[in-house]
Amino acid sequence: MYMTDYNLCIKNEIISFIEMYKTGDRYQQKIALEIEEIVKSKTCFFCLDEKQCWNYRGSEFKGDKKGEFYIKKCPQCLTIHNEKLWIKDCISTIDLVGPFGIQLFRDDANAGSDKFEALEKYVIQKNPELVKPEFTRSSVHHNHIIEKTYELEVEVGKIIETCKPFIEFYMGGPMSVLMLNNIKVSISGVNRESTQTEILCEKINTNEFMYIVMKNRSTEKEKSRFGFYKYKKCYLDIKLDIYKMNTLNNSAHHLCSKIINEAAGNDIIEIIDLLDKIAQTKTKQQETI
Ligand SMILES: [Zn+2]
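Residues numbered from 1 in each chain as written. Predicted model: local features only at pLDDT ≥ 70, side-chain atom pairs only at ≥ 80, totals over all residues.

Draft legend 1. Examining the packing of helix α2 (residues 26–41) against helix α3 (residues 112–126) more closely. For the pair α2 and α3, the least separation of the axes is 10 Å and the interaxial angle reads 105°. Classified by the angle between their axes, α2 and α3 sit roughly perpendicular to one another. Residues Ile31, Glu34, Ile35 and Ile38 of α2 pack against Leu119, Glu120 and Val123 of α3. Residues that form the contact of α2 with α3 fall into these classes: five nonpolar, no polar and two charged. (Axes fitted to C-alpha atoms, helices over the stretch in contact; angles between N-to-C directions. Helix = DSSP H or I, 4+ residues; strand = E, 2+ residues; numbered from the N terminus. Parallel < 35°, antiparallel > 145°, perpendicular 65-115°, else oblique. Contact = placed C-beta atoms within 7 Å. Nonpolar A, V, L, I, M, F, W, Y, C, P; charged D, E, K, R; others polar.)

The structure is reproduced here in structure tokens:
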């Protein structure tokens, strides 16, 4: 398709921002790829294919209370000439978006940086996980049990009792019963092939989550006395960490919701790493203050 020099100029400027983001952190890299994909199919970089833009109505309409601005068809990508451009009057141009969800620009706006910003906002809104998640995290309870036992169930019961008050305090009635039961199921498992890490996460308030990381390395051996009296001996190695977490942005909220929905699957180790790293940098920041 034919593209004017101005249009191409904007496109190239957007691409230069994409390239810059590609050298950034992994969040910026992902954003860059998303925007790159979108840009491929765009034809008009004045309106980013929203086919709409805005302009000032002019001083002659001042005081008619219909607003200072109007939304119009994008003259740059209009195919039929002499067409009426006016769509509607409007009071403000802040947060003005087109029919496909991208910010609307003034009809002659040609700064690629602004268009890139609008595209970034658009992809982030569609994929909140593209932004670095921000949390505040506080420790609620830690418990590392290393023990030999003949009665696994009794030991598991004891562990549940130690974390029960914390879970009940933050979660309240029915939800805590369910959570405690989930913990029980998780730590009752022995003889797994490798260290099993499980995360349980539950929303306790708006933007507030509780999550429990369980590392279970317990094993079980069958023993016998005089060759006939058989019994099982358990070597418990269970690490249980309970945290309360406040999500500070959409990305963090998305991440927590993902853990709740158990869609995280193999990502769980990555999530733990991320949470630990965030907690570490938060501590470092606090130390330097
Ligand atoms: Zn256009």
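Draft legend 2. Fine view of the nonpolar core. If you look at the biggest cluster of nonpolar residues, it comprises 25 residues, and the most contacted ones within it are Tyr211, Ile212, Met214, Leu240 and Cys256. Those elements that place two or more of their residues in this core are α4 (152–171), α5 (173–187), β6 (208–216), β8 (229–247) and α6 (250–260). Non-local contacts of Met214, meaning those with residues more than four positions away in its chain, are made with Ile183, Ser186, Ile187, Thr197, Glu198, Ile238 and Leu240. Of all hydrophobic cores here, the second largest spans 22 residues; its members include Phe46, Cys47, Cys74 and Phe116. (Core = buried A, V, L, I, M, F, W, Y, C linked by C-beta atoms within 7 Å. Buried ≥ 20, exposed ≤ 12 C-beta atoms within 10 Å, placed from the backbone.)

Draft legend 3. Just unusual backbone geometry, in detail. Its identity as a non-glycine residue notwithstanding, Leu48 has a phi of 50°, on the positive side. Residue position: Leu48 is located in the loop between α2 and β1 (52–56). A count of 26 C-beta atoms within 10 Å places Leu48 in the buried class. One non-glycine residue, Asn207, lies in positive phi territory at about 60°. Considering the arrangement of structural elements, one finds Asn207 in the loop between β5 (196–205) and β6. Assessed through the 15 C-beta atoms surrounding it within 10 Å, Asn207 is described here as partly exposed.

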